[in-house]
Amino acid sequence: SKNSGDGSPSGLFPFVLRGVFFIDWVVVPASLMVILLAGYSGLFLGQTLFTEGDIAAILDFTMLNERSEGWRPDLGFGSTFFFGDPGVHHTWSVFRWWGHLFSDDILAYNTSIIVLLWVGCIAQYCLLRVAIPDLGRISSVLLSTMLAFGSLRNEFLLGRVSTISPLIYIAISLILYEFLK
């Protein structure tokens, strides 16, 4: 068998599968998703991510806006929902359209939270790899999941807008880090 010089047979894995890019952008995100799905395995057993009453109210706003296109005749003489938080229950929000992809609104909500937490964990991993380059990949992956499993996880599950805020904070931190370096 031929040797590629790095200790592994050259015919066993293509070069692409051994590269740093593949590990950082395919293996690590897939690992983070597996860790998230294992940590929130109760979702497969009928549990939900509703931790407070506000979440149910926001889901109710979103569900009724899906059906009424923003005009709510059930409120007073009629009310428009073309105001409010653009990420939570605005008529044209991405999450309102996200709800159309699923037959069950609760499944759509839970899936959106898991996807946003996953993106936040990937962003946290990137920040750790840039800010502390000597920290290993496994340590970075485990620390990045603290976003989803830490003591403030209910704050991130409260509303989908606050779930995406770690991604924004990390992006700003990375930009400032590169600028001030």
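Residues numbered from 1 in each chain as written. Predicted model: local features only at pLDDT ≥ 70, side-chain atom pairs only at ≥ 80, totals over all residues. Heavy atoms only, no water.

Undergrad: How should the overall build of the chain be read in this particular structure?
TA: Counting its regular elements, the chain contains nine helices and two strands. Considering the chain as a whole, with its 181 residues, one finds that 33% of them fall into the buried category. Across the chain, contacts joining residues at least 24 apart in sequence account for 57% of those joining residues at least 6 apart. Carbon and sulfur atoms make up 70% of the accessible area of the chain, which amounts to about 10900 Å² in all. (Helix = DSSP H or I, 4+ residues; strand = E, 2+ residues; numbered from the N terminus. Buried < 20%, exposed > 50% of the residue type's maximum accessible area, 1.4 Å probe, protein only. Contact = heavy atoms within 4.5 Å. Areas by Shrake-Rupley, 256 points an atom, 1.4 Å probe, with all protein chains shown as cover.)

Undergrad: Would you explain the nonpolar core in this entry?
TA: Here is a general trend for soluble globular proteins: nonpolar side chains tend to be buried in one another's company. If you look at the biggest cluster of nonpolar residues, it comprises 18 residues, and the most contacted ones within it are Leu32, Tyr40, Leu117 and Ala148. The element best represented in this core is helix H5 (residues 105-131), accounting for eight residues. With near-sequence residues (within four places) excluded, leucine 32 lies in contact with Trp118, Cys121, Ile122, Val141, Ser144 and Thr145. (Core = buried A, V, L, I, M, F, W, Y, C linked by side-chain atoms within 4.5 Å.)

Undergrad: Got a minute to help me understand the packing of helix H2 (residues 20-39) against helix H6 (residues 137-144) in this structure?
TA: Working note: a packed helix pair is described by the angle between its axes plus the distance between those axes. Interhelical geometry of H2 versus H6 gives an angle of 40° and a closest axis separation of 11 Å. One finds that H2 runs oblique with respect to H6. Between H2 and H6 lies a crossing of right-handed hand. Mapping the contact onto sequence places Val20, Ile23, Asp24, Val28, Leu32 and Ile35 in H2 and Arg137, Val141 and Ser144 in H6. Within the contact of H2 with H6, the residues separate by chemical class into six nonpolar, one polar and two charged. (Axes fitted to C-alpha atoms, helices over the stretch in contact; angles between N-to-C directions. Parallel < 35°, antiparallel > 145°, perpendicular 65-115°, else oblique. Left-handed = near helix turned anticlockwise from the far one by under 90°. Nonpolar A, V, L, I, M, F, W, Y, C, P; charged D, E, K, R; others polar.)

Undergrad: Explain the packing of H5 against H6 here, please?
TA: With their axes 8 Å apart at the nearest point, H5 and H6 run at an angle of 135° to one another. In terms of axis orientation, H5 runs oblique to H6. With respect to the hand of their crossing, H5 and H6 are arranged in right-handed fashion. Of H6, the residues touching H5 (which contributes Cys121, Gln124, Tyr125, Leu128 and Arg129) are Arg137, Ser140, Val141, Leu143 and Ser144.

Undergrad: What is the right way to look at the packing of aromatic side chains in this model?
TA: Working definition: an aromatic ring pair is given by the centre-to-centre distance plus the angle between the planes. Inspection of the entire model under this criterion finds three aromatic pairs. Ring geometry for tryptophan 98 versus phenylalanine 102: centroids 5.4 Å apart, planes at 45°, classification tilted. Looking at tryptophan 98, the relative accessible area reads 23%, which means it is partly exposed. (Phe/Tyr/Trp six-rings, centres within 6.5 Å; stacked < 30°, edge-to-face > 60°.)

Undergrad: How should I be thinking about the pattern of salt bridges in this particular structure?
TA: If the charged atoms of two oppositely charged side chains come close together, the side chains can form a pair. Taken as a whole, this structure holds two salt bridges when the rule is applied. Two residues, lysine 181 and glutamate 178, come together in a salt bridge whose shortest N-O distance is 3.6 Å. (Salt bridge = Lys/Arg side-chain N within 4 Å of Asp/Glu carboxyl O.)

Undergrad: It is not clear to me how the environment of tyrosine 169 should be interpreted in this structure. Could you clarify?
TA: For tyrosine 169, the position within the fold is in helix H9 (residues 160-180). Given the relative accessible area of 55%, tyrosine 169 is considered exposed. Linking tyrosine 169 and glycine 120, residues 49 residues apart in sequence, is a C-alpha distance of 9.8 Å.

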